[in-house]
Amino acid sequence: MYPKIEINLRKIKDNGEVLLKLCREKGIEPCAVTKGTCADLEVAKAFVQAGFKELADSRMENIKKLKGYFKDSIKTLLLRIPMVSECEEVVDYCDTSLNSELITIKKLNEVAGRVGKKHKIIIMVDLGDLREGIWPTDLESIQREVENLENIQVVGLGTNLTCYGGIIPSEKNLAQLCDLKRQWELRGGTPLQIISGGNSSSIKMLMEGKIPQGINHLRLGESLLLGRETINREHIPKTHLDTFKIVGEIVELKEKPSVPIGEIGQDAFGNVPTFEDRGIHKRAIVALGRQDIDLNMEPLNKEIEILGGSSDHLLLDVTKLPDLKVGDKVEFLPNYGALLQGMTSPYVQKEYIGKE
Ligand SMILES: *Cc1c(COP(=O)(O)O)cnc(C)c1O
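Residues numbered from 1 in each chain as written. Predicted model: local features only at pLDDT ≥ 70, side-chain atom pairs only at ≥ 80, totals over all residues. Heavy atoms only, no water.

- Checking UniProt for the chain, the heading Cofactor (unreviewed entry) contains the comment "pyridoxal 5'-phosphate". (UniProt positions renumbered as here; feature names shortened; annotations may be inferred.)

So this is what it looks like as structure tokens:
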């Protein structure tokens, strides 16, 4: 059945091993982020086989699935700041959660007390990216408050960069995070075991040997899945870039002009399109559209060019491939957004390769 997404589990495991080695050489124990594949269990198993001890996701549904399958053989980390309304589940299924709001931390404390557990949290600090995290100057007052919460154990500090503001991890902002940990401990706080220095965008610094000493945890999603760091999307040496392939089928193949005929109004998505005149050329329609996937993909065959797409159709210029036929399959490498959407879509079949 098409469209489908081919998931190469052996290559994902290889990527996991390469990144684990890279991190461990620098004293970092990363967790594997599963949200890019909706916490697909086969993919999660490949991470665990590679040696990851902690799996992280932003959604409770996904964490429950992971905990239900792996039980206590792995640790779970909730990435999105919890909703007050989901604190019961967070305490039940997450070994650790990332937090930035005192109200929520107090609720977690109350729930944990009720069920007789101690819940571990990592406090997120905003170092300028302006997504989640408390402001560094507020850390001291938060510390005073959380120290009185009996059922909460603050295990570390963390930060998230390159997400909203596109702020790049640097020696300066990561050193600031390490410094905040020192200050926390100087104020008499219990020693913090974890300094979580970001996501796949920290891999570039890691490869350049620039990550400050104190950083000992990273949360890796895209780099593991797609083999690229996320500052410049550069290939991480020894990893595979073709872990996931989107495969679609050609349903129409004709020679047509490249500029539509008639007066141009809005397209199906409310935009007024513009066209490059490339003369008469060979166009293929693949049965794959925005309802299936984000069309930010790269054709595996470099002779193919994506012209555009709508809800159900993807248009390709295949002039350079005279032998193509209706019914032939075309393969693409997804970017992270396309992967996320493809894995979420009920219209895209999932096929596993290299299952152990
Ligand atoms: C999604 C997410 C990550 C993983 O990011 P990648 O760029 O895929 O490595 C890490 N931390 C948080 C808080 C996230 O939400």
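From this point, the discussion proceeds with the structure in view.
### Comments concerning the pairing of strand E13 (residues 305-309)
- Pairing analysis gives 4 bridges linking E13 to strand E14 (residues 314-317), with the strands arranged antiparallel. When the sheet's bridge partners are listed, Gly308 is paired in E14 with Leu315.
- Hairpin connection from E13 to E14: 4 residues lie between these consecutive antiparallel strands. (Pairing = 2+ DSSP bridges. Helix = DSSP H or I, 4+ residues; strand = E, 2+ residues; numbered from the N terminus.)

### Describing the site of the ligand
- Close contacts around the ligand come from 14 residues, with Lys35, Ser200, Arg219, Gly221 and Glu222 the closest.
- Measuring from an oxygen atom of the ligand, one finds a side-chain N or O atom of Arg131 at 3.3 Å.
- Between the ligand and Ser200 there is a distance of 2.5 Å, counted from an oxygen atom to a side-chain nitrogen or oxygen.
- With the chains in place, 92% of the 390 Å² that the ligand exposes on its own is no longer accessible.
- A breakdown of the residues in the shell around the ligand according to their chemical character gives 5 nonpolar, 4 polar and 5 charged. (Near = heavy atom within 4 Å. Polar contact = N/O pair within 3.5 Å; in protein donor to acceptor, adjacent residues only side chain to side chain. Areas by Shrake-Rupley, 256 points an atom, 1.4 Å probe, with all protein chains shown as cover. Nonpolar A, V, L, I, M, F, W, Y, C, P; charged D, E, K, R; others polar.)

### So, the sheet that holds strand E6 (residues 119-124)
- Spatially, E8-E7-E6-E5-E4-E3-E2-E9 is the arrangement adopted by the 8 strands of the open sheet, whose pairing is parallel. The open sheet has two edge strands with one neighbour each: strand E8 (194-196) and strand E9 (219-220).
- Pairing analysis gives 2 bridges linking strand E2 (residues 31-33) to E9, with the strands arranged parallel. Looking at the pairing, Ala32 lines up with Leu220 of E9.

### Some details on the domain arrangement of the chain
- As assigned here, the chain comprises domain 1 (9-226) and domain 2 (244-353).
- Facing 12 residues of domain 1, the contacting portion of domain 2 comprises 10 residues.
- Taken together, the two surfaces of domain 1 and domain 2 that pack against each other cover about 1,000 Å², and 69% of this comes from carbon and sulfur.
- Linking domain 1 with domain 2 are 0 salt bridges, by the criterion used here.
- Across the domain 1-domain 2 interface, the total number found is 2 residue pairs in polar contact (both at pLDDT 80 or more).
- Those elements giving two or more residues to the side of domain 1 that touches domain 2 turn out to be helix H1 (9-24) and helix H9 (222-226).
- When the residues that make up the side of domain 1 that touches domain 2 are grouped by side-chain class, the tally is 5 nonpolar, 2 polar and 5 charged. (Domains from an automatic or database assignment. Contact = heavy atoms within 4.5 Å. Buried area = accessible area lost by both parts, 1.4 Å probe. Salt bridge = Lys/Arg side-chain N within 4 Å of Asp/Glu carboxyl O.)

### What about a nonpolar patch on the surface?
- Judged by side-chain polarity, Val259, Ile264, Val272 and Phe275 come together as a nonpolar surface patch covering roughly 330 Å² of accessible area.
- Within the secondary structure layout, Val272 lies in the loop between strand E10 (244-256) and strand E11 (281-286).
- When its relative accessible area of 58% is taken as the criterion, Val272 is described as exposed. (Patch = residues over 30% accessible without salt bridge, like charges linked within 9 Å, V, L, I, M, F, W, Y side chains within 5 Å. Buried < 20%, exposed > 50% of the residue type's maximum accessible area, 1.4 Å probe, protein only.)

### Description of the UniProt feature "domain: Alanine racemase N-terminal" (unreviewed entry) in the chain
- Those residues carrying the UniProt feature "domain: Alanine racemase N-terminal" (unreviewed entry) are residues 7-225 in this numbering.
- Strand forms 16% of residues 7-225 and helix 42%; the C-alpha atoms that close the span are 10 Å apart.

### Section: the packing of aromatic side chains
- Here the structure, examined in full by the defined rule, presents 2 aromatic pairs.
- Consider the rings of Phe47 and Phe52, whose centres lie 6.1 Å apart with planes at 65°: the pair is edge-to-face.
- For Phe47, a relative accessible area of 0% corresponds to the buried category.
- Their ring planes at 85° and their centres at 4.8 Å tell us that Tyr69 and Phe70 sit as a pair that is edge-to-face.
- Residue classification places Phe70 among the buried residues on the basis of a relative accessible area of 8%.
- When the ring centre of Phe269 is taken as origin, the NZ or CZ atom of Arg290, which lies over that ring, is 3.6 Å away.
- The side chain of Lys329 reaches across the aromatic face of Tyr2, ending 4.8 Å from its centre. (Phe/Tyr/Trp six-rings, centres within 6.5 Å; stacked < 30°, edge-to-face > 60°. Lys NZ or Arg CZ within 6 Å of the ring centre and 35° of its normal.)

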